[in-house]
Amino acid sequence: MPAPRPARPLAALLVAPLLAGCFAADSGTASGPSADGSRLRVALAFPPAERLSPYGADATILSRLGVTEGLTALDGNGSATPALASSWSQEGARGWRFTLREATFQDGSEVTAQAVAASLTRAAHARPAPAALSGVTLTAEPVGRNRIRITTGRPDPILPLRLAGPSLAVLSAKAYGKKGAVDPVGTGTGPFELTEVNGSSSATLDRYDGYWGGRAQAAGIDVRFVADGTARTNALRSGDTDVAEAVPVAQAATLGQGTRRETATTRTTSLLLNSRSGPFRDAGLRAAARAAVDTSGLARGVYEGHADRGAGIYGPAVAWAEGRHLAPAGRARPKRPDGARITLATYDNRPELPEVAQALKQQLERAGFRVGLVVREYSRLEGDALAGRFDALVLARNSLVDTGDPVAVLASDYTCDGGYNLARLCDKDVDRAVAAAERAADTAKRRDAALRAEAEILGTDAVVPLVHQRIVTGVGRSVSGVLLDPYERTLIGTGTRR
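Residues numbered from 1 in each chain as written. Predicted model: local features only at pLDDT ≥ 70, side-chain atom pairs only at ≥ 80, totals over all residues. Heavy atoms only, no water.

Draft legend 1. Summary view of the overall build of the protein chain. Broken down by element type, the protein chain carries 12 helices and 17 strands. In terms of overall dimensions, the protein chain is globule-like: its C-alpha atoms have a radius of gyration of 22 Å, near the 23 Å expected for 498 residues. Dimensions of the protein chain, computed from the C-alpha atoms along their principal axes, are close to 65 × 55 × 45 Å. Relative to its 498 residues, the protein chain shows a buried fraction of 57%. Counting only contacts in the protein chain whose residues sit at least 6 apart along the sequence, the fraction spanning at least 24 positions is 73%. Looking at the protein chain as shown, the accessible area adds up to about 18600 Å², and 48% of this sits on carbon and sulfur atoms. For the protein chain, the distance from the average position of its 60 positive side-chain charges to the average position of its 52 negative side-chain charges is 3 Å. (Helix = DSSP H or I, 4+ residues; strand = E, 2+ residues; numbered from the N terminus. Rg over C-alpha atoms; globule rule 2.2 N^0.38 Å. Buried < 20%, exposed > 50% of the residue type's maximum accessible area, 1.4 Å probe, protein only. Contact = heavy atoms within 4.5 Å. Areas by Shrake-Rupley, 256 points an atom, 1.4 Å probe, with all protein chains shown as cover. Lys, Arg positive; Asp, Glu negative; His and termini not counted. Charge placed at Lys NZ, Arg CZ, Asp CG, Glu CD.)

Laid out in structure tokens, this is it:
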């Protein structure tokens with residue numbers, strides 16, 4: 001059992017946005033004698049894009065499979081809760097002290113303050129920076145054997161939330177090679193040890209019997225990366241897999257009620273417009289693209305009612321933002337496209353996205369653009385997207401996955417120095433508004449500042465929120481304990497079994 005969370009200053013600040021739904025899990029508890037020894041077969045939508053580096057999008061693969069952990073985690077209400085750290089307290093304006101629990105890495109070495117400090121230091125110096133550290137500098141140093149002090153460059157009241165981000169997972173010294181390479185095979189701390197990775201096709205995990213949280217009930221996990229959503233669904237129906245991630249909405253009705261789980265998430269599908277190069281450098285053309293989009297039609301048509309029309313960067317699953325979005329500030333007047341050529345890109349790991357892109361192509365062409373469409377797997381798209389090789393991108397992004405803090409996604413995705421700025425936005429008013437939100441310590445004031453920054457971002461028309469998704473997961477009838485998480489950080493835990 002995790003130690004009770006200690007009383008500490010700014011405790012209320014560590015509560016992330018309350019969600020409309022909580023974790024949907026038939027969790028069970030893990031124990032050695034009750035583990036039945038069966039292996040779980042899991043079909044994931046996204047193959048590794050960066051060789052399972054913990055610093056990018058692959059970090060959520062590792063956390064969803066129970067391979068990695070951070071010092072903290074998020075509970076169902078979005079509060080920071082103990083993980084590798086059993087307790088913490090704030091020391092001054094910029095310092096925090098964390099007490100570590102007794103735990104071991106999967107290679108048998110101990111989780112010590114020195115090992116944790118070294119792992120966090122590696123993350124702090126990674127380039128590009130992990131999304132959870134966008135705009136933040138930190139130093140970590142051991143204080144004795146089981147305590148670590150973390151100091152930030154400026155006051156960071158949400159640091160315990162930040163440390164729950166999958167990209168700040170703690171790995172053993174064995175994980176770190178030359179030239180920044182990171183290998184999570186056998187170096188995490190979670191209940192399942194990654195033992196083999198077969199490129200972008202499959203991975204094998206075995207139960208880690210030394211896990212501090214108790215012995216997992218499944219003997220291991222056999223993972224297949226299946227980009228085709230219909231194939232994932234068919235594998236569940238035929239009994240070839242136990243858990244199928246991201247079932248296409250077109251396939252959801254083919255699953256029995258007992259095998260179809262729908263979860264409200266903080267994921268928003270948006271149209272991102274490259275504001276640094278190409279036609280969409282012109283704010284008037286961005287405004288024309290935004291005006292051409294029919295978001296209600298996308299929610300009703302492509303998503304067949306399994307989504308809500310885009311209201312902002314934060315969707316209805318973020319309860320405090322519902323009905324409180326501000327009018328976008330300073331929008332340009334739409335300009336006639338006059339046949340401007342643009343390249344619109346998306347990925348097919350989420351099967352609705354190519355349909356969304358095709359619908360957008362038609363809408364933009366009716367408005368006067370000439371549109372070329374590119375569809376790839378995400379692992380083959382991300383590098384070009386980050387490099388700005390597309391004019392527009394359809395992206396499904398969980399706005400709270402990195403830290404649970406509403407401001408972090410704004411800093412990473414929409415500021416000049418953001419590490420995941422696919423819209424390539426660099427606007428002084430946006431940066432100023434995000435910086436003000438980052439400084440806000442009081443929870444209510446931080447949320448208000450986040451909504452003001454959201455309005456500034458939407459005012460640039462570099463991002464057009466399309467729909468807010470509800471994710472459908474296929475779960476076999478004999479399977480229990482799957483962790484359906486609004487943040488999409490977890491999937492398989494110690495109590496997951498068949």
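Draft legend 2. Highlighting the sheet that holds strand β6 (residues 138-142). Read from one edge of the open sheet, 4 strands run β4-β5-β7-β6, paired in antiparallel fashion. With partners counted over all chains shown, the strands left at the sheet margins are β4 (85-91) and β6, one partner each. Sheet twist, expressed as the mean angle between neighbouring strand axes with direction ignored, is 20°. Note: β6 against strand β7 (residues 147-152), 5 bridges, orientation antiparallel. Following the sheet pairing, A140 is matched in β7 by I150. Contacts from helix α2 (residues 113-124) reach β5 (95-100), β6 and β7 within the one sheet, and its direction differs from that of β6 by about 165°. (Pairing = 2+ DSSP bridges. Axes fitted to C-alpha atoms, helices over the stretch in contact; angles between N-to-C directions.)

Draft legend 3. Up close: the side chain of T99. Tracing the sequence through the fold places T99 in strand β5. Filtering out sequence-adjacent residues up to four positions away, T99 remains in contact with L84, A85, S86, S87, N146 and R147.

Draft legend 4. Inspection of the state of the cysteines at higher detail. Taken as a whole and assessed by the stated rule, the structure comprises 1 disulfide. Covalently, C416 is tied to C426 through a disulfide, its sulfur atoms 2.0 Å apart. Sign of the S-S torsion, about 100° for the bond between C416 and C426, identifies this disulfide as right-handed. Linking C416 in the loop between α10 (406-414) and α11 (428-439) with C426 in the loop between α10 and α11, this pair joins segments that are 10 residues apart in sequence. Taking relative accessible area as the criterion, C416 reaches 25% and is therefore assigned partly exposed. (Disulfide = S-S within 2.5 Å.)

Draft legend 5. Highlighting the packing of α10 against α11. One can describe the packing of α10 onto α11 by two numbers: an axis separation of 9 Å at closest approach and a directional angle of 150°. Viewed along their axes, α10 and α11 adopt a mutual orientation that is roughly antiparallel. Judged by the sense of rotation from one axis to the other, the crossing of α10 with α11 is left-handed. Where α10 approaches α11, its residues V407, L410, A411 and Y414 are matched on the opposing element by V430, D431, V434, A437 and E438. Split by residue class, the contact of α10 with α11 holds 7 nonpolar, no polar and 2 charged. (Parallel < 35°, antiparallel > 145°, perpendicular 65-115°, else oblique. Left-handed = near helix turned anticlockwise from the far one by under 90°. Nonpolar A, V, L, I, M, F, W, Y, C, P; charged D, E, K, R; others polar.)

Draft legend 6. The arrangement of the packing of aromatic side chains in detail. The full count for this structure, using the stated rule, is 7 aromatic pairs. Between Y314 and W320, the ring centres sit 5.6 Å apart and the planes meet at 50°, which makes this aromatic pair tilted. With a relative accessible area of 0%, Y314 lands in the buried category. Summarising the aromatic geometry, the rings of Y347 and Y378 are spaced 5.1 Å apart at their centres and angled 80° between planes, so their arrangement reads as edge-to-face. (Phe/Tyr/Trp six-rings, centres within 6.5 Å; stacked < 30°, edge-to-face > 60°.)

Draft legend 7. Local environment of the confidence of the model for the protein chain. Model confidence for the protein chain is summarised by a mean pLDDT of 90, while 92% of its residues fall at 70 or above. Throughout residues 1-35 the model reports pLDDT below 50, and contacts reaching past four residues in sequence, or to other chains, amount to 110 contacts. (pLDDT = per-residue confidence, 0-100.)

Draft legend 8. Summary view of the packing of α11 against helix α12 (residues 443-459). The N-to-C vectors of α11 and α12 enclose an angle of 170°; their axes lie 8 Å apart at closest approach. With respect to α12, the axis of α11 lies roughly antiparallel. Here α11 contributes D429, V430, A433, V434, A437 and E438 to the contact with α12, which in turn contributes R446, A449, A450, A453, E456 and I457. The residue inventory of the contact of α11 with α12, partitioned by class, reads 8 nonpolar, no polar and 4 charged.

Draft legend 9. Up close: the nonpolar core. Counting residues in each nonpolar core, the largest one holds 109 residues, and the members touching the most others are L71, F98, I150, L271, Y314, F369 and L410. When near neighbours in sequence (up to four residues on either side) are disregarded, L71 contacts P82, A83, L84, A85, F98, L100, V116, L120, I150 and L163. Core analysis: the next-biggest nonpolar cluster, separate from the first, contains 24 residues, I61, L65, V475 and V482 among them. (Core = buried A, V, L, I, M, F, W, Y, C linked by side-chain atoms within 4.5 Å.)

Draft legend 10. Helix α8 (residues 352-367), seen in detail. The end-to-end C-alpha separation of α8 is 23 Å, in line with the 22 Å expected for 16 residues at 1.5 Å each. Looking only at α8, the buried set comprises E352, L353, V356, A357, A359, L360, K361, Q363 and L364. Once α8 ends, the next one or two residues include G368, with phi positive near 115°. (Expected span 1.5 Å × (residues − 1).)

Draft legend 11. Looking closely at the pattern of salt bridges. In total, this model carries 28 salt bridges according to the counting rule given. Between D242 and R41 there is a salt bridge, with the nearest N and O atoms lying 2.8 Å from each other. Of this pair, D242 sits in the loop between α4 (229-237) and β11 (243-244) while R41 sits in strand β1 (residues 39-44), and the two are 201 residues apart along the sequence. Looking at D242, the relative accessible area reads 3%, which means it is buried. The partner of D308 in a salt bridge is R470, with the nearest N and O atoms 3.2 Å apart. (Salt bridge = Lys/Arg side-chain N within 4 Å of Asp/Glu carboxyl O.)

Draft legend 12. How the structure looks around the environment of A327. The residue A327 is located in the loop between β13 (307-309) and β14 (341-347) in this model. Here the alpha-carbon distance between A327 and E456, two residues 129 residues apart in the chain, equals 9.0 Å.

Draft legend 13. Quick peek at the environment of L298. In this fold, L298 is placed in helix α7 (residues 295-300). Sequence-wise, L298 and A216 are 82 residues apart; in three dimensions their C-alpha atoms are separated by 41 Å. Those residues in contact with L298, other than ones at most four positions away along the chain, are Y303, V356, A359, L360, L466 and V467.

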